Structure formats: structure tokens, C-alpha cells
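# Summary of the model geometry
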Amino acid sequence: SDTAFVAAVWRAALGGGGGSISAFGLQPHQVEETFKAILARFSSDAKTLAALVGPSAEQGHGSSLRLLLERKVDPNAIESRRPALIAAAVAAQPQSVQLLLEFRASLRLRGPPDDGPALHAALGRAASLSEALLPPQGTVGGAGGRGDGPLGGALGGPLGAHSTI
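What this report covers is the structure whose coordinates are included nearby. These numbers come from a predicted model, not from an experiment. (Residues numbered from 1 in each chain as written. Predicted model: local features only at pLDDT ≥ 70, side-chain atom pairs only at ≥ 80, totals over all residues. Heavy atoms only, no water.)

With that settled, consider the packing of helix α2 (residues 28–42) against helix α3 (residues 46–58). Viewed as axis vectors pointing N to C, α2 and α3 meet at an angle of 155°, and their least axial separation amounts to 9 Å. Classified by the angle between their axes, α2 and α3 sit roughly antiparallel to one another. In this structure, α2 crosses over α3, and the sense of that crossing is left-handed. Facing Phe35, Ile38, Leu39 and Phe42 of α2, the residues of α3 in contact are Thr48, Leu49 and Leu52. Classifying every residue of the contact of α2 with α3 gives 6 nonpolar, 1 polar and no charged. (Axes fitted to C-alpha atoms, helices over the stretch in contact; angles between N-to-C directions. Helix = DSSP H or I, 4+ residues; strand = E, 2+ residues; numbered from the N terminus. Parallel < 35°, antiparallel > 145°, perpendicular 65-115°, else oblique. Left-handed = near helix turned anticlockwise from the far one by under 90°. Contact = heavy atoms within 4.5 Å. Nonpolar A, V, L, I, M, F, W, Y, C, P; charged D, E, K, R; others polar.)

What follows covers the packing of aromatic side chains. For the coordinates displayed, the defined rule picks out 1 aromatic pair. Considering the side-chain rings of Trp10 and Phe35, the 5.0 Å spacing of their centres and the 40° angle between planes classify their relative orientation as tilted. Of the two residues, Trp10 is situated in helix α1 (residues 2–14) and Phe35 in helix α2; the sequence distance between them amounts to 25 residues. Exposure class is identical for Trp10 and Phe35. Each is buried. (Phe/Tyr/Trp six-rings, centres within 6.5 Å; stacked < 30°, edge-to-face > 60°. Buried < 20%, exposed > 50% of the residue type's maximum accessible area, 1.4 Å probe, protein only.)

With respect to the helices and strands, Ile78 occurs in strand β1 (residues 78–79). The class of Ile78 is partly exposed, set by a relative accessible area of 49%. Linking Ile78 and Ala50, residues 28 residues apart in sequence, is a C-alpha distance of 7.7 Å.

The topology assignment puts Thr3 in helix α1. Each residue touching Thr3, except ones within four places of it in the same chain, is listed here: Lys47, Thr48 and Ala51.

This paragraph deals with unusual backbone geometry. The residue Lys72 is not glycine, and still its phi comes out positive at about 70°. Checked against the element boundaries, Lys72 lands in the loop between α4 (62–70) and β1. Residue Lys72 is classed as exposed on the basis of its relative accessible area, which comes to 74%. The phi angle at Arg104 is positive, at roughly 70°, despite the residue not being glycine. Structurally, the position occupied by Arg104 is in the loop between α6 (94–102) and α7 (118–123). Owing to a relative accessible area of 47%, Arg104 belongs among the partly exposed residues under this scheme.

Put into C-alpha cells, the structure is as follows:
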């Protein structure tokens with residue numbers, strides 16, 4: 001399908017299977033131009049835009065991820081059977097994890113059977129991911145423990161009486 005093809009092209013432009021250099025050998029400005037061209041062509045195609053969230057999150061391409069989320073593309077988009085939050089967590093992309101949580105990605109989504117829930121994938125990765133997930137020291141769920149930090153909001157409300165995660 002066109003959606004799968006566009007997602008594959010975007011993934012390759014970003015670096016394919018986890019590398020930081022484009023599979024096409026593109027320079028950073030060319031990657032940005034590629035994203036702008038895809039966005040211009042598919043700006044009204046919600047399904048195609050949703051398919052770009054996963055690769056952007058997984059590859060840590062913050063500018064495209066933020067732009068997609070600001071355009072109200074679903075932060076819980078699933079591409080290649082894996083929610084964007086799990087893809088970012090498994091790829092150890094703490095900025096992507098944090099951005100997805102800011103836009104209310106769900107920690108309750110599940111990926112393929114070996115991934116488990118998004119929360120487990122996120123917490124099971126590098127310590128830098130915990131910085132994206134955990135509230136500032138001395139608070140629970142964000143400012144004043146009201147659940148308005150990234151983790152509290154992603155769980156759907158306050159974390160209650162838990163002082164640690």
C-alpha cells in the first residue's frame with residue numbers, strides 16, 4: 001500500500017534499522033526536505049501521517065515527531081505492529097519517549113508478544129529513559145503529585161500514594 005511504502009521510505013531516509021546515518025546517504029538537511037515533501041503530499045491523509053510517527057520516534061527525529069503530534073496525529077499510532085512509544089523505548093530514544101508522553105501516548109498499549117506493555121518496554125531500557133518518564137525529584141506524577149507530569153498523565157491520572165516507581 002502507499003502508506004506502507006511511504007513509511008518505509010521515511011524509515012530509510014531516517015537511517016533504516018537504527019543507524020544514525022540515512023540508508024540513502026542523505027545529509028540532515030536532505031532528511032528534513034524529504035519529510036517536508038512527504039508532509040506536503042500526504043498532509044490530509046491521516047493514515048499515512050500516523051505511519052510516520054513510529055519511524056520518527058524510533059529514530060529519535062524530534063522535529064518530525066513534534067510536528068506530527070502538533071498536527072494531532074495519534075501518539076498511539078502503531079506501525080509495523082509496534083506502538084510508537086514502545087518503538088522509541090526499545091530504541092533507547094528518551095527524547096522521543098518524553099515527547100510521546102507529553103502528547104498523551106498510552107503506557108497501556110501492547111506491542112508484539114515479546115515487547116509487553118509500553119510501560120515495561122520504557123522502564124526496561126537505559127537509565128536515560130527513566131529521566132524522560134519520571135517526574136522531577138521530590139514529586140509524584142509531576143508538579144505537586146497531581147499526575148500532570150508525563151508519566152502520571154500517560155497512566156490516565158494521578159499516581160496516588162506511590163512515592164517511587
